[in-house]
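Understanding the architecture of this molecule
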Amino acid sequence: MGRAYQNRKESMAKTAGQKTRIYSKYGKEIYVCAKNGGFDPDGNLPLRQMIAKAKKDQVPAHVIERALEKARGGGGEDYVTARYEGFSPGGAMVIVDCLTDNGKRTFTEVRQAFVKNDAKLGGPGTVGHMFDHQAVFAFKGEDEEAVLETLMMADVDVTDIEVEDGIVSVFAPHTEFFKVKTSLTEETPDISFEVEEITFVPQTFTEITDPEVIEQFEKFLAALEDCDDVQHVYHNAELPE
């Protein structure tokens, strides 16, 4: 699952859109994390992780600070989460997570992305049960046993560890995110994570090989990413490398 997971991540990254959209999405998430858990990253682990992730994706400091200032101000938008599930062109399962201050607008935009691209929007729970909500880490390495021993010594609940093409991939329940990161960092202070996130990992995969369907699938992802309220898109499609 490790290398295949990264390949899917890279295929999704190609449709991430312009930098301004990326900055906007991080700004929303940082704002919500700060509003819900406090403005000090040292005392708000989700906020600290979101800021670290934003910096890794080269989000400018002023974008991060503006989101924090907005949260400190006590006013601003009142964002709520919204999740949509369905099937892409080619029959892959899709989960779309949004942050919105206008649910009707968001639903309309997401629905149009499905309808215009030969995809099918389902109801809550349509495909969600076929994904695991997990913490995922990937970093350079070869010794699967050493990584497992480190995590077991730290009493971390690990779902799976894989080594492929010189990359170690660690999968754990999403609640174990900070325990995994802390134990790995303490064991190897100079470790560099290629992937460190909480995400939905599919239990099965749908292979899409028809060039026309692949093109339609990529248009579908692009249409979703163009929706300002869409924060994350998860799918189980497996495309040719």
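Residues numbered from 1 in each chain as written. Predicted model: local features only at pLDDT ≥ 70, side-chain atom pairs only at ≥ 80, totals over all residues. Heavy atoms only, no water.

In spatial order, the strands read E3-E1-E2-E9; together these four strands make up an open sheet with antiparallel pairing. With one partner strand each, in any of the chains shown, strand E3 (120-122) and strand E9 (230-235) form the two edges of the open sheet. Each strand axis lies, on average, 30° off the axis of its neighbour in the sheet, ignoring direction. One ladder, built from five bridges, connects strand E2 (residues 93-100) with E9; its direction is antiparallel. (Pairing = 2+ DSSP bridges. Helix = DSSP H or I, 4+ residues; strand = E, 2+ residues; numbered from the N terminus. Axes fitted to C-alpha atoms, helices over the stretch in contact; angles between N-to-C directions.)

In any sheet, the strands associate via hydrogen bonds between backbone groups, in a parallel or an antiparallel arrangement. One open sheet accounts for four strands, arranged E5-E6-E4-E7; its pairing is antiparallel. Pairing within the sheet leaves two strands with one partner each, and these edge strands are strand E5 (160-164) and strand E7 (193-202). Between one strand and the next, the sheet's axes are offset by a mean angle of 20°, whatever the strand orientation. Direction of pairing for E5 relative to strand E6 (residues 167-173): antiparallel, over a ladder of five bridges. By the bridge assignment for E6, glutamate 164 is matched with isoleucine 167. Lying over the sheet, helix H6 (residues 144-153) contacts strand E4 (131-140), E5 and E6, oriented at roughly 155° with respect to E5. (Contact = heavy atoms within 4.5 Å.)

Its place among the elements puts glutamate 196 in strand E7. At a separation of 2.8 Å, a polar atom in the side chain of glutamate 196 contacts the side chain of lysine 181. In contact with glutamate 196, not counting residues within four places along its chain, are Gln49, Lys56, Val136, Phe137, Phe177 and Lys181. (Polar contact = N/O pair within 3.5 Å; in protein donor to acceptor, adjacent residues only side chain to side chain.)

A separate point is the environment of proline 41. Within the element layout of this structure, proline 41 appears in the loop between helix H2 (19-37) and helix H3 (45-56). Here the alpha-carbon distance between proline 41 and alanine 52, two residues eleven residues apart in the chain, equals 9.9 Å.

Counted by the stated rule, this structure contains zero disulfides. No disulfide involves cysteine 33; its nearest neighbouring cysteine sulfur is the one of cysteine 98, lying 16 Å away. Cysteine 98 supplies the cysteine sulfur nearest to cysteine 227, a cysteine that is in no disulfide, at a spacing of 7.3 Å. (Disulfide = S-S within 2.5 Å.)

Going through the model one piece at a time under the given rule, you end up with 14 salt bridges. Across the pair lysine 179 and glutamate 176 runs a salt bridge, and its minimum N-O distance is 3.8 Å. Because the salt bridges share partners, they merge into one network encompassing Lys28, Asp101, Arg105 and Asp229. (Salt bridge = Lys/Arg side-chain N within 4 Å of Asp/Glu carboxyl O.)

Let us now look at the packing of H2 against H3. Where H2 contacts H3, the axes come no closer than 9 Å and their chain directions differ by 165°. Considering the angle they form, H2 stands roughly antiparallel to H3. In this structure, the crossing between H2 and H3 has a hand that is left-handed. Contacts from Tyr26, Glu29, Ile30, Cys33 and Ala34 of H2 reach H3 at Pro46, Leu47, Met50, Ile51, Lys53 and Ala54. Classifying every residue of the contact of H2 with H3 gives nine nonpolar, no polar and two charged. (Parallel < 35°, antiparallel > 145°, perpendicular 65-115°, else oblique. Left-handed = near helix turned anticlockwise from the far one by under 90°. Nonpolar A, V, L, I, M, F, W, Y, C, P; charged D, E, K, R; others polar.)

Turning to the packing of aromatic side chains, a few remarks are in order. Applying the stated criterion across every chain, the model contains eight aromatic pairs. Pairing phenylalanine 200 with tyrosine 234 gives two aromatic rings, centres 5.1 Å apart and planes at 70°, and the pair type is edge-to-face. With phenylalanine 200 in strand E7 and tyrosine 234 in strand E9, this pair connects stretches of sequence that are 34 residues apart. An aromatic cluster is defined as three or more aromatic residues linked by ring pairs; in this entry it consists of Phe137, Phe139, Phe177, Phe178 and Phe193. (Phe/Tyr/Trp six-rings, centres within 6.5 Å; stacked < 30°, edge-to-face > 60°.)

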